[in-house]
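# Working through the structure, step by step
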There are 2 protein chains.
Amino acid sequence: MDLALLLPPGVTVTAAMKERCPLRDTLDRIGDRWTVIVVVLLRNGPMRFTALQRAAEGVSRRMLTHTLRNLERDGLVTRTVHASVPPKVEYELTPAGHALTEPLTGLLHWSVRHQETVLAARKAYDGGSAEGG
Amino acid sequence: MDLALLLPPGVTVTAAMKERCPLRDTLDRIGDRWTVIVVVLLRNGPMRFTALQRAAEGVSRRMLTHTLRNLERDGLVTRTVHASVPPKVEYELTPAGHALTEPLTGLLHWSVRHQETVLAARKAYDGGSAEGG
DNA sequence: CTGGATCCTACTCGATACTG
DNA sequence: CAGTATCGAGTAGGATCCAG
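By the naming in an unreviewed UniProt entry, chain A is Helix-turn-helix transcriptional regulator, taken from Dactylosporangium fulvum.

### Here we look at the protein's contact with DNA strand C
Neighbouring DNA strand C are 19 residues, the closest being T50(A), T65(A), R79(A), Y91(A) and R62(B). Note that a phosphate oxygen of DNA strand C is positioned 3.0 Å from one of the side-chain N or O atoms of R69(A). Within the side chain of R61(B), a nitrogen or oxygen atom sits 3.5 Å from a base nitrogen of DNA strand C. At the level of elements, α4 (49-56), α5 (61-73) and β3 (88-93) of chain A together with α5 (61-73) of chain B are the ones that each hand at least two residues to the surface near DNA strand C. Per-element accounting of the surface near DNA strand C gives the leading share, four residues, to α5(A). Broken down by class, the residue content of the surface near DNA strand C amounts to eight nonpolar, two polar and nine charged.

### Topic: the relation of the copies chain B and chain A
A rotation about an axis combined with a shift along that same axis relates the two copies of the chain. Mapping chain B onto chain A calls for a rotation angle of 180 degrees and an axial translation of 0.0 Å; the resulting RMSD is 0.1 Å. When the rotation and shift are considered jointly, the pair of chain copies conforms to a two-fold rotation axis. Residue P103(B), judged by its C-alpha, is the member of chain B lying nearest the rotation axis, at 2.3 Å.

### Points about the packing of α4(A) against α5(A)
Residues and elements named next belong to chain A. In contact at an axis separation of 11 Å, α4 and α5 are set at 115 degrees when each is read in the N-to-C sense. Judged on the interaxial angle alone, α5 and α4 are roughly perpendicular. Classified by chirality, the crossing of α5 by α4 is right-handed. Between α4 and α5, the contacting residues are F49, L52 and Q53 on the first element and R61, L64, T65 and L68 on the second. Looking at the contact of α4 with α5 residue by residue, the classes come out as four nonpolar, two polar and one charged.

The rules we used
- Residues numbered from 1 in each chain as written.
- Chains lettered and ligands numbered in written order.
- Predicted model: local features only at pLDDT ≥ 70, side-chain atom pairs only at ≥ 80, totals over all residues.
- Heavy atoms only, no water.
- Near = heavy atom within 4 Å.
- Polar contact = N/O pair within 3.5 Å; in protein donor to acceptor, adjacent residues only side chain to side chain.
- Helix = DSSP H or I, 4+ residues; strand = E, 2+ residues; numbered from the N terminus.
- Nonpolar A, V, L, I, M, F, W, Y, C, P; charged D, E, K, R; others polar.
- Least-squares fit on C-alpha atoms with pLDDT ≥ 70 in both.
- Axes fitted to C-alpha atoms, helices over the stretch in contact; angles between N-to-C directions.
- Parallel < 35°, antiparallel > 145°, perpendicular 65-115°, else oblique.
- Left-handed = near helix turned anticlockwise from the far one by under 90°.
- Contact = heavy atoms within 4.5 Å.

Written as structure tokens, this is what we have:
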């Protein structure tokens with residue numbers, strides 16, 4: 001992508017950005033099925049593994065683990081193991097992770113505000129395209 | 001997802017939202033490889049098909065067409081054909097599409113600001129995990 | 001409760017060739 | 001210039017079983 005037009009004032013396009021588009025990078029990282037959901041859920045504070053699984057509704061243990069590992073790897077989430085029986089593991093956003101919740105929360109709000117509009121548009125489009133056939 | 005905690009004040013959780021999580025819905029829609037890129041690129045005004053293809057860097061005609069069709073279907077983009085030779089087709093964001101650029105632009109800015117941090121965290125994580133083997 | 005290993009399916013996406 | 005049709009590879013992610 002051509003970044004120069006889109007960046008906020010004061011931000012310069014570095015060589016690294018040209019080589020490796022930051023947005024493309026971020027999308028590759030958060031563009032899977034569960035990452036955004038998990039980050040948004042962690043927005044209000046630390047959560048345990050099982051609590052996340054319940055809240056995310058539909059995620060398998062495998063994918064939740066996978067998602068959390070990637071977030072941890074990228075420094076967006078910390079993992080804290082409490083030595084107890086049964087085990088208790090808490091996940092919490094780092095500052096970078098919290099910063100990410102801002103646009104993602106914006107996305108959530110957009111989703112809520114435009115759900116009906118989008119659904120209606122889709123219905124109209126599908127109806128219109130199919131007509132006459 | 002449990003939406004009640006996360007919604008802005010004044011927004012009520014409707015039955016539709018419980019049935020069909022709006023965020024999940026949005027992510028299914030924009031979570032593919034090119035949608036976010038295209039929407040961000042259209043942020044400054046209408047663009048032609050080929051201009052988009054050049055700017056997106058790497059998208060195939062097939063995928064660009066597919067992406068634009070979906071955006072059109074959801075009412076986020078309009079498609080205008082100018083009857084000329086050669087053909088000229090312009091794509092432009094609708095108001096809903098423009099509203100979407102706000103969080104997406106936020107995401108872009110986050111990407112730029114945190115690229116180095118994330119890359120460093122990843123490197124550290126990978127190095128740390130691999131050590132001793 | 002947390003999470004690793006394996007297997008398997010479905011779907012996404014890109015390459016290529018063709019059209020108006 | 002702006003698409004469409006077809007095909008094949010790669011991979012995301014779910015099901016299941018095992019373990020500390």
